[in-house]
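Working through the structure, step by step
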Amino acid sequence: MTSSVPAYPSSTIHTFAPIVRLLAEAEDLPSFFTALQGSLPHMLPATRLDILSDQQHCAYQHLYCSSPYKTFSNESHTVASLTKLLHNQGYYHVTNIELKSMGRDIGWLILSRQNESFTTSLLAIGNQLASIIAMRLVYEQEAQTQPEPDSAYHQIKELQEELQAWQQRTLRVTGTAHDIRNLLMVISGYAELLTDPNVATFQTDIQAIRRAANDGQQLLRRMLNIATNASPRVGESSVALLPTLIRDTLRLAHPFTESRRDITIKTVLEPVPPIQGNAAELREVLLNLILNAINAMPQGGQLTIHNFSRGPLVLITVSDTGVGISPEQQTRIFQPFTTFKYQGSGLGLSISQSIIEQFGGTITFESSVGQGTTFTIALPALQSLANYVEA
Amino acid sequence: MSISRTPQAIPNSALRLLPGQSTRPALTRLALLAAANPSLAAHLLHDPLNAAAKHPHYPVWLDDRDQATLADICTRAQTIDEFLADLADVVDGAPV
């Protein structure tokens, strides 16, 4: 007997990959054994394979058998008792290979043949198989001692989503508080104006105060809805007329513009169809843009508000000739807590974007440092009322 | 138990499992171990050389050529399935 195995023509050696694929596709131990069974004729022909594992006292549980007959499944055996049983069934050639990992006994691989003896090559292949089986058993044991990866993943995902929902709610509450502060400043500004004995426009001013107070109440209601996680917008949306909204918002902004004689205000209000939205919230957005524009012009300048329609959209632009926004700041302008004013929470634009998007619109901007900024709001025109145009 | 040499009994598909028959024995072993253990396959894909040499159960020592091949496969493979398929193909004699 010689110890070496003669070389085989390389052209015949080309089917290793399917075995690897079969084993790799097994998702659990039963399917791994099925894959092993499918591969066995291609690795160890005419050989029965038994696996003993999960040692309890001196015996092992019979884990797997490649033969469909006399499987001894779920029986407890020692290597000697199983070998004896195999002999009784006509498997006269039996070899046992220990399954070990890191010096720890995992079990035994029992290979048996009925008619032909084991060659050195078959034993070498059997040893390769033993390490593959040991690796899989180790993997399964480790998987059992750890929480289900899917379960852990889902738990983390759920916690992340919960956290994000809380962050969104906190953000909206904070943003609403920011806008209520604007309205309170409107009220106090008008109250200040009314103390002037020369003022003759009481009715107009009182109307603006009432509107600011009403808008504030709506925002407070929204804040309460957010706090209780209720839908903030059910039944709140109605037909809104943009030119009216712009005029009303400019009246609200009057206490702020009144003290800024260095700023001129220009409005270009073209006839436009109505839109679907919430008047108080749209005034909130416009007021934010107007106050931002005023703050962006510390040396004075011009504030221009223009509304017009383009196809199915109604657009409003709010332009200033102020300091502009740097390219670095432009990348995060709609992020919460980004502020370019001398004071402020930086929530106005974030909340404004959220409001406009909820009415199916967009808010964009163009800015040049030292020249000014233009914000453009685009909202879908109400097609059913497209013939109704308000100027 | 008697042991005799009957090489004709070995199927072609099993020849790679014989150390003397595979031109890439270390990669052959690595491919089989990785196919049996998804954790090892994932480690190999992300840190092939360390995972192969330091694996606590069955360390595999790779020569320079094996290391270069493994690194090349890891560069190309995006998933564990692709990694194992490429590795098996190389063992089967596919050009690297």
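Procedures and definitions
Residues numbered from 1 in each chain as written. Chains lettered and ligands numbered in written order. Predicted model: local features only at pLDDT ≥ 70, side-chain atom pairs only at ≥ 80, totals over all residues. Heavy atoms only, no water. Axes fitted to C-alpha atoms, helices over the stretch in contact; angles between N-to-C directions. Helix = DSSP H or I, 4+ residues; strand = E, 2+ residues; numbered from the N terminus. Parallel < 35°, antiparallel > 145°, perpendicular 65-115°, else oblique. Left-handed = near helix turned anticlockwise from the far one by under 90°. Contact = heavy atoms within 4.5 Å. Nonpolar A, V, L, I, M, F, W, Y, C, P; charged D, E, K, R; others polar. Buried < 20%, exposed > 50% of the residue type's maximum accessible area, 1.4 Å probe, protein only. Arc of directions from axis to C-beta. Polar contact = N/O pair within 3.5 Å; in protein donor to acceptor, adjacent residues only side chain to side chain. Pairing = 2+ DSSP bridges. pLDDT = per-residue confidence, 0-100. Expected span 1.5 Å × (residues − 1).

A word on the packing of helix α7 (residues 242-252) of chain A against helix α9 (residues 279-295) of chain A
Residue and element names in this part refer to chain A. Relative orientation of the contacting elements α7 and α9 amounts to 55°, with a least axis distance of 9 Å. Judged by the angle between their axes, α7 and α9 are oblique. In the packing of α7 onto α9, the handedness of the crossing is right-handed. The residues of α9 that touch α7, namely those facing L245, I246, D248, T249, L250 and L252, are A279, L282, R283, L286, L287 and I290. A breakdown of the residues in the contact of α7 with α9 according to their chemical character gives nine nonpolar, one polar and two charged.

Remarks on helix α2 (residues 38-46) of chain B
A turn of α-helix holds 3.6 residues, and therefore any two residues three or four places apart point the same way. Residues and elements named next belong to chain B. Within α2, the full set of buried residues consists of L40, A41, L44 and L45. Down the axis of α2, the smallest arc covering the buried residues is 135°, so these residues share one side. Across α2 from its buried face, at more than 90 degrees, point the exposed residues H43 and H46. Two to three positions downstream of the cap, the backbone nitrogen of S39 sits 3.0 Å from a side-chain oxygen, assigning the N-cap of α2 to N37.

What to know about the sheet that holds strand β10 (residues 313-320) of chain A
The strands that make up a sheet pair up through hydrogen bonds in the backbone, lying either parallel or antiparallel. Residue and element names in this part refer to chain A. Sheet architecture is open: five strands sit in the order β7-β9-β10-β12-β11, paired in mixed fashion. Unpaired on one side and paired on the other, β7 (263-269) and β11 (362-368) mark the two borders of the sheet. With direction set aside, neighbouring strand axes in the sheet form an average angle of 15°. The sheet contact formed by β10 and strand β12 (residues 372-380) spans eight bridges and is antiparallel. Residue pairing across strands places L313 opposite P380, the latter belonging to β12.

Side note on the confidence of the model for chain B
All names here are of chain B. Residue-level pLDDT values for chain B average 76, and 68% of them are 70 or greater. Taken element by element, the predicted model of chain B shows its lowest mean pLDDT in helix α3 (residues 48-54) (67) and its highest in helix α4 (residues 64-76) (88). When the criterion is pLDDT under 50, residues 1-8 qualifies, and its contacts beyond four places in sequence or with other chains add up to 26 contacts. Model confidence for the complex: the whole-complex pTM is 0.46, and ipTM, which rates the interface, is 0.79.

So, α4 of chain B
All names here are of chain B. With 13 residues, α4 extends 19 Å between its outermost C-alpha atoms, agreeing within 8% with the 18 Å of an ideal straight helix rising 1.5 Å per residue. Among the residues of α4, D66, T69, L70, I73 and C74 are the ones counted as buried. Around the axis of α4, the buried residues are gathered within 135° of arc, so they sit on the same side. Residues of α4 that are exposed and angled more than 90 degrees away from the buried face: D64, R65 and T75. By the N-cap criterion, in which a side-chain oxygen at the helix start approaches the backbone nitrogen of a residue two or three places on, α4 is capped by D63, the distance to R65 being 3.1 Å.

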